[in-house]
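Structural characterization, general
Letter by letter, the chains look like this.
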Amino acid sequence: MKVNIKSWTAVAAWRWDMPEDDVCGICRSPYDSTCSKCKYPGDECPLLWGECNHCFHAHCIFVWIRAETSHGRCPMCRQEWKIVAKVSQD
Amino acid sequence: MGEHVRNMEQTIFQSVFPPSFELRPSPESIGSPSAQAEYMDAWSTATRFLELGDISLGAVESLGYAARWNSDRFPDFEAALQTLTSHGLGSNQDEGNLIEWYCFEVKRHFVTVIRPILESEWQLNVPCGEAFTVLKRTVTILTAAKDLYMYPLLIHVFPIMDTYMSTNDARQKVENRLHAIFSHHLPTKRIYDALGFVMYSTGCEVFRTFRDHGQPLLSDYDPVRNESFQHMSELVHGLREVGLAGRGAQVAFARAMDKLMGEFVIGQWVESDPYGQRHMTPALIRWIEGAFPTFMKQVLVNMADGSNIVSETDQEIVKWHEMAVARLGKARVKSLFDFITHLDVSTGGLMDIKDYIATPATRSQLTASFSQQLSTRLLHAGTATTRILDVYIYIVRAFKVLDPKGVLLDRITRPVRRYVRDRNDAARVIIWSLLAEVNHGAPLESTPTMSSEIAREINSLELETVAIAPVEDVDWDNMTWMPDPIDATPDYKKPASEDVIMHLLGLCEREVFIDEVKSILGEHLLRVEGGQFINETRLLKLFTARFGADKLQACEVMLKDMETSRKLTWPIVRTEAYRAASRSTPGRPRFKTHIVSSFFWPQLLQEVFDIPQPVDRLCKGFEQGFKKVKPNRRLKWLPALGRVTVELELKDRRVEEEVPTWNATVINAFGSTNSTAPVSYTVEQLAEDLSMKPFFVRAALTFWAAKNVLYERNGTFTVIESLNDYGNLGPSQPVQSVQPAEPEEEKPNVDTPVHRQMILAMLTNHGGLPIERIHMMLKVVLPTFTFDADELGHLLVTMIGDEILVNQGGLFSLKR
């Protein structure tokens, strides 16, 4: 018997390259979820990494930085907030 | 005034203590002794003349009245009467009233001569069939008696008394006395009962309510032309002439008509049309306003000659109208459940009920009766959830017609809702049904997980109409606002939307629905291939309208994921990594990946095993491509999910199937490119080779064995390269019996070891099966099985006799 696989529909789950069960420090939602304002995760609600190595939902940290009281610092470590452009490993 | 009271007292006294027959005038009232003597002589002459003795009716008839009361017999009668009258015979209260005396004489005669004749007729209850004849005979006898009693008065007495009182008055008075005597000394209850029956049966005949008549009644039919009606009228008229058409007869008539109406409504129409195909109220009203009053009036006119009765009847018609509609409605409500479940044919019955429920009393009667029907016929453990939901849809549809305001629906569906909440699978069934694909034109059958009515309903629903209804109470500018209906319960909520689906979504708790929709949608989306997800989008829109968008974020993400995956696939397959993998894969299967947002999907099957090598390579290439396109993200493969189309090239045939990935992986292991020897594996071998749980391996092997691709012997599964070889594989193989039956066997025997073994194998796999299923399956797997269900039944009974099988309520299963 010859077996021809004519089509194969696979299923894969994506997640952010972050430790599991970790949450955004601002909205306290998991990274894999969305910020409080968004509906769809992924491209519509991306993550941002800071130079201090902290990571938030982009919308969460934007709102934070825009607030005057934040003085442009990371809410976790109080260092100045600077975005790191993360690139893929290869 | 005082005199009147005295008269009354006297009448009462006499009725209690009747004066003796020997009523004589008291001489004191007359005066002189000579006058007294003269008066007594005259009295004696007159009474002797009028005396009835014990003359029988027959004798009078044969001799003639004239012979009896020949004035030649008593030439001095006239003179005597003159004398008596001159002494005040005419005055009413006079003791020496000759007429009074005559009445007592009549009474005596009636009791002794006439009554015995009638008593023999009325002693026992009259059989229904003879009621008319007996009544008729009674009327004849009484008429003859009355003629007899009246004759001497009319011929001899009244003309002479004429100067003192008018003949008509006197005659009326005597007739009244006669009637009183008749009805007093006859068993009137029986007579009236018989009369009632005659009236009722005449009515039945006139209006053709007898069921075997069949022919429908014409509402403009004139009852007066009917022959039996004529007879009945004559009878009633005769009874009136002898004073038996009084109150008692009227009561009997009223009862008879009441019964007739019931018989007419229920017997003729309701029972002849149990599924309510005809809308009967208009025809009934035509009858009630046409033929029925004609009938009534005719009888009433014959019963009492007051013409005002006719105008009174006209006022009654409105009441009869109500009564008839109420009867029809009540009878119809009793079968409302049947109407609702056969809604396509029962619109007529439904309209009858709609005409009926115009008042609060009837509406609550409807609610009570229908709730009762629901609890006995639907809301019990024996009903499948899909059936309950189907009926629920019918109910909503029907009550939208019956009561557009929705108050009744609200009340009726409460018990259903309460009951459905206890059914754990209700939400699942609803959601699966909402997702079901409907092939237009093809009849849709309910399955244990899917209600066909819901599927039909959702598919007839326009997507655009699913709109979020504005909250009414807050909408101050709503010019079409209406107050709640008068009989609405305090927590009545106007249905936000009229459509059936919205009612359906009110059936279960919101949380239950949302949880179910999440898990089912996840399962469903991964199963369907491509497509536009129209049903899914619609479902989601519906739920959003009903439950609010925030609760359904996960579902929306799931749906979006399907679309995103499609978009993402394109850049990924163009990456170098994937291209390289694809180039090195033989056969180049169409490879596609659903990339799901793990956080939002329900718990997915995490089973891991070794997928076929080429596919694994493709996966790896795809994963690398994904990392290029979407940095900072990881992919985790879920090998147990997904669908595969495999094509099996066997020696004599090709088999193509769409199967789950694990199933495809198992059959792929049997594939070989070069050797002609069929490949064999045991479950354990495969489980180890593929690192797959034996459960999945076994499930897949069973699947392919059922498709005749593999066969099992001693736990080893082997490819069936050619179906012809398969026939010779050995006695344990079921399909071995494909061999033609031996030709010399004249009458094929159903009880063969092969059949027995097939049945045993079937029941081992399926547990209990009804005989129809066994028969059908045998016919499917054994082309030579040509026996009918009865013959199979004999075999099954034999096997029960051999203590191999048991029959439990129609299901055959193995004896343990």
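Residues numbered from 1 in each chain as written. Chains lettered and ligands numbered in written order. Predicted model: local features only at pLDDT ≥ 70, side-chain atom pairs only at ≥ 80, totals over all residues. Heavy atoms only, no water.

Just so we agree on the cut-off: UniProt positions are given in the numbering used here, feature names are shortened, and annotations may be inferred rather than shown by experiment.
If you look chain B up in an unreviewed UniProt entry, it shows as Anaphase-promoting complex subunit 2 from Trichodelitschia bisporula. Its UniProt record gives chain B a comment under Sequence similarities (unreviewed entry), which states: "Belongs to the cullin family."

As annotated in an unreviewed UniProt entry, chain A is Anaphase-promoting complex subunit 11 from Trichodelitschia bisporula. We quote the UniProt Subcellular location (unreviewed entry) comment for chain A here in full: "Nucleus".

Focus on the packing of aromatic side chains
Threshold: Each Phe, Tyr or Trp ring (for Trp, its six-membered ring) is paired with any other whose centre lies within 6.5 Å, and the angle between the two planes then decides the class: stacked below 30 degrees, edge-to-face above 60, tilted in between. Whether a charge sits over a ring comes down to the Lys NZ or Arg CZ being within 6 Å of the ring centre and within 35 degrees of the ring normal.
Counted according to the given criterion, the structure contains 18 aromatic pairs over all chains. Each member of the aromatic cluster is reached from another via a ring pair, and the members are Tyr578(B), Phe591(B), Phe622(B) and Trp637(B). A cation over an aromatic ring shows up here: Lys259(B) above the ring of Tyr200(B), its NZ or CZ 4.4 Å from the ring centre. Taking the ring centre of Trp16(A) as reference, the NZ or CZ of Arg633(B) above it sits at 4.9 Å.

Thoughts on the packing of helix 26 (residues 576-583) of chain B against helix 27 (residues 613-629) of chain B
Residue and element names in this part refer to chain B. Let me state the cut-off plainly: Orientation is described by lines fitted to C-alpha atoms, with helices fitted over the stretch in contact, and by angles between N-to-C directions that extend from 0 to 180 degrees. Helical segments are the DSSP runs of H or I of at least four residues, strand segments are the runs of E of at least two, and each set is numbered from the N terminus. Roughly parallel means an angle under 35 degrees; roughly antiparallel, over 145; roughly perpendicular, 65 to 115; everything else is oblique. By definition in these notes, contact holds between two residues if any of their heavy atoms fall within 4.5 Å. Gly counts as polar in this scheme, as do all residues outside two lists: the nonpolar Ala, Val, Leu, Ile, Met, Phe, Trp, Tyr, Cys and Pro, and the charged Asp, Glu, Lys and Arg.
Orientation of helix 26 relative to helix 27, taken along the N-to-C sense of each, is 170°, at an axis distance of 7 Å. Here helix 26 is positioned roughly antiparallel relative to helix 27, judged by the angle of their axes. In this structure, helix 26 contributes Ala577, Tyr578, Ala581 and Ser582 to the contact, and helix 27 contributes Arg617, Leu618, Gly621, Phe622, Gln624 and Gly625. For the contact of helix 26 with helix 27, the residue count by class is five nonpolar, four polar and one charged.

Section: the sheet that holds strand 7 (residues 716-719) of chain B
Residues and elements named next belong to chain B. Stated formally: Strands were regarded as paired on the criterion that DSSP finds at least two bridges between them.
With antiparallel pairing, three strands are arranged side by side in an open sheet as 5-7-6. Each of the sheet's edge strands pairs with one partner strand only, and the pair in question is strand 5 (680-682) and strand 6 (710-713). Going across the sheet, the axis of each strand differs from the next one's by a mean of 30°, ignoring polarity. Of the strand pairs in this sheet, strand 6 and strand 7 are connected by four bridges, and their pairing is antiparallel. Within strand 7, the residue paired with glutamate 712 across the bridge is phenylalanine 717.

Observations concerning the packing of helix 18 (residues 385-402) of chain B against helix 19 (residues 407-421) of chain B
All names here are of chain B. Interaxial distance between helix 18 and helix 19 falls to 10 Å at its minimum, and their mutual angle equals 170°. Classified by the interaxial angle, the pair formed by helix 18 and helix 19 is roughly antiparallel. On the side of helix 18, the interface is formed by Ile388, Tyr392, Ile395, Val396 and Phe399, while helix 19 contributes Leu408, Leu409, Ile412, Thr413, Val416, Arg417, Tyr419 and Val420. Taken together, the residues that form the contact of helix 18 with helix 19 break down as eleven nonpolar, one polar and one charged.

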